[in-house]
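Listed below, chain by chain, are the residues.
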Amino acid sequence: MNLLNHPSACSSVRLLASILPALLAMLSLSAADLLRVLPVTDEIIMLHFREGHIDYNGVRPDGTFEPQTENRVDFGQLIEPLVIGDAARYRITSSNDPAFGDGKSPVTVGYKAEGTEFNSPFKKPPFLREYWVYAVLPAPFRSGKSYSIHVGDLAENLNQSTLTFDEKRLRSPAIHVSQVGFPPDAPKFAYFSQWLGTLNTPPHLNGALDLSRFTNGVFHLCDTRDGAVRKTYRGLQLQKARTAKDPSHDNWTRADVYALDFSDFKEPGRYVLVAEGMGCSYPFEIGEQVYFGAHRAVMRSLFLQRRGIVKDLAEFGREYPRSHHPDINEFVAGKVEGEGGKILDPKPVKGIWGWYADAGDWDGNPTHYLVPLTLLLTYDLRPQNFHDGDIGNRWKERPTDPWINEGTNGVPDILDEARWWLDFGRRARTELKRQGLGSGGVPRYVGRDAGAETQPSWADKRVQWIDSGAAETTYAYAAGAAYFAHCLDKHQQRSGNHGAHPESAGWLAEARDAFAWAEAQENPSATDKRLRQLAAACLYLVTSEAAFQEIFQTEWQADGDRNNGAWVSPMPNLFASAIYLVSCKDQPVLDNAFYETVKANMIKRANYSTDTAWQMGFRVGGVEPGQSVGMNLITVPRTFFQAIAYEVTGNRKFLDAMHTALAYVLGGNQEGRTRLSGVGYEREQDVFICDAWYLLDFNHPAYRNPIFPGLSAYGLPTFDVGGPGSESWARSSALPDIKEW
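Residues numbered from 1 in each chain as written. Predicted model: local features only at pLDDT ≥ 70, side-chain atom pairs only at ≥ 80, totals over all residues. Heavy atoms only, no water.

Section: the packing of helix α6 (residues 504–519) against helix α7 (residues 526–543)
The description of two helices packed together rests on the angle between their axes and the distance between the axes.
Next, step 1: Running from N to C, α6 and α7 point in directions that differ by 145°, and their axes come no closer than 11 Å. With respect to the hand of their crossing, α6 and α7 are arranged in left-handed fashion. Counted together, L508, A511, R512, F515 and E519 of α6 and R532, A535, A536, L539, V542 and T543 of α7 form the full contact between these two elements.
Next, step 2: In terms of residue class, the contact of α6 with α7 is built from 7 nonpolar, 1 polar and 3 charged. (Axes fitted to C-alpha atoms, helices over the stretch in contact; angles between N-to-C directions. Helix = DSSP H or I, 4+ residues; strand = E, 2+ residues; numbered from the N terminus. Left-handed = near helix turned anticlockwise from the far one by under 90°. Contact = heavy atoms within 4.5 Å. Nonpolar A, V, L, I, M, F, W, Y, C, P; charged D, E, K, R; others polar.)

In structure tokens:
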């Protein structure tokens, strides 16, 4: 992936030592905007500055889209850290609090900053930062009193901000809680913590906010409709000390984390948590359907990754133009090495389209079978929760075609999405065989890597590559086709119709044929064998044939990875075990002893990644002891084991760990923002998704453009693809140095 113009992660740069303290009084700053001033507590305020905005791509007045070779950077003079951190630059006055009547400067000031909009490592400025400045007050703010914070020439948009210290109305960034909410019977925690960057003064040493006085504090759950107090709690518990290590990593927070448990409150409604002497949280909901919005956002993100079609981007009143289709690109088939590194003996091919784009790139990779398998397993676990019209995606293959509305076809929308990759596999293997370029295998690679640096996907005219077929993806396709047949039949029965679904027999035939093709391939790899295990489990589910159970059993027992964690993505052996445990338990030829062995293994692994949750600063479930902070672990915790273990045991601890993991992702984390774009109040914004910049840049110099919903960033502190514009360059934008965060 080429991240030249905008990486998906942000981090750190060293402060220039050439700025002499003696010049502080001479330095002027008239560039940044002051976005907001909030109380951290009654003793510390936070000032949030932003240096500017980058216009990555343009939208013409007629609604067409123009590739833009040069970013337009809207900024004035960039912030000088030594200036923004000078307490004398700030003054606080009050008309009704005598302690500030004649104006007082903060006792001391600290800050932290990170790049939030990226230009290029070869251009000036290379990036634009946001700053969070923490000012220690000379006297506490008093509830109900008004204060003006004067910033002089530190901001371009205003020179003062006025607030009334009202804990019920002013949010404190020190309060971290899910911005979506909680089901009534879920564990509910609010966390209290803040890392204050360079601020280093007793009692807030090394930037760690000291909240020890709030261990005897007063906290209220207040109804957002009328502000009425619904329940009052007293005192906080220390959840994680700043010096204590997390089970899989050094301390993730760099500050003490305190917790308030309000799990006993189950009344549906919309609330804020109010801390006297501090402020309030973002609003959140308690209710049975609180996760639906996040589910819908993720489903929309999957839909928007589809290639080869025009997509209705209803959220923004736009159409997402078609890309990577035979009407636009030439396609060649051959043996593709790696992720599009090289193609051997390419020959023209027709009729290939409809894969999923890989993150910010546009090619399709072999692991994308995980999309249908995850969606099918989700539906299989709780079919009653999914309906036709939940998402309502609309698309068309050609611009002149009528819209296909998946929300009105009588099939739950989650199954419509599950079939997308399967339809591609069927189309691709059929066309390759028909044109004499394949023998029935499903391609392991399609498209071309990268390409998003200077153009949107619909302008990509490169020749597209497609692999002629591989055992791993063909086994995966066999698994998905068989499982899809099972879920279609389940939907048929739930709809009150008799017999099998009209499509299920065809998909089962596809699964059998694909499995036979993969079986005929020589020299299977370890990956092939794990996917053979998955395909056999799915075929056993649908056919009840003992031979498939025997294949699954043989491969499962020989699989040395069956005890490993889901550190990057759930492995095919996890899906195989899950499907076997969840859906095969009533099969007539079930090997009960083997079933119990698989069950015990799943429970053991679930325990391993569940028992750590209560040891984490923010109770994030799905992290195993010793687990590295791998690809998007901290943005999408792995809860696969817990879901299956809860299903087969009914043990609430597994379900509770899933709820706390969701609360972490949805705002109850160190940064106090949701790790999904389009969800919550403070949300993920920096995901590498260039098409969104083209489609959703409305040429406004004063705000950050939205991106597609439901996306999560890798969020890695160490991962780096290398080269200009890589993650390490992005991390160089952070102040202080990323190693101190």
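Section: the pairing of strand β9 (residues 127–136)
Next, step 1: Buried residues dominate β9, accounting for 10 of its 10 residues.
Next, step 2: Alternating positions in β9 separate into two faces, F127, R129, Y131, V133 and A135 on one and L128, E130, W132, Y134 and V136 on the other, with burial throughout.
Next, step 3: When strand β2 (residues 44–50) meets β9, the two strands line up antiparallel, connected through 7 bridges. When the sheet's bridge partners are listed, H48 is paired in β9 with W132. (Buried < 20%, exposed > 50% of the residue type's maximum accessible area, 1.4 Å probe, protein only. Pairing = 2+ DSSP bridges.)

Let's talk about helix α12 (residues 652–665)
Since one α-helical turn is 3.6 residues long, residues separated by three or four positions face the same way.
Next, step 1: With 14 residues, α12 extends 20 Å between its outermost C-alpha atoms, agreeing within 8% with the 20 Å of an ideal straight helix rising 1.5 Å per residue.
Next, step 2: Among the 14 residues of α12, 10 are classified as buried, and the element is accordingly described as predominantly covered.
Next, step 3: Burial in α12 covers these residues: F654, L655, D656, A657, H659, T660, A661, A663, Y664 and V665.
Next, step 4: Lining the buried residues of α12 we find β13 (181–182), α10 (592–610) and α11 (640–649).
Next, step 5: Looking one or two residues beyond α12, the residue adopting positive phi is G667, at roughly 130°. (Expected span 1.5 Å × (residues − 1).)

As for unusual backbone geometry
Next, step 1: Cis geometry marks the peptide bond from P202 to P203; its omega dihedral reads 5°.
Next, step 2: Examined against the element boundaries, P203 turns out to sit in the loop between β14 (189–192) and β15 (218–223).
Next, step 3: L735 connects to P736 through a cis peptide bond whose omega is -10°.
Next, step 4: Of note, P736 is situated in the segment after α14 (727–731).

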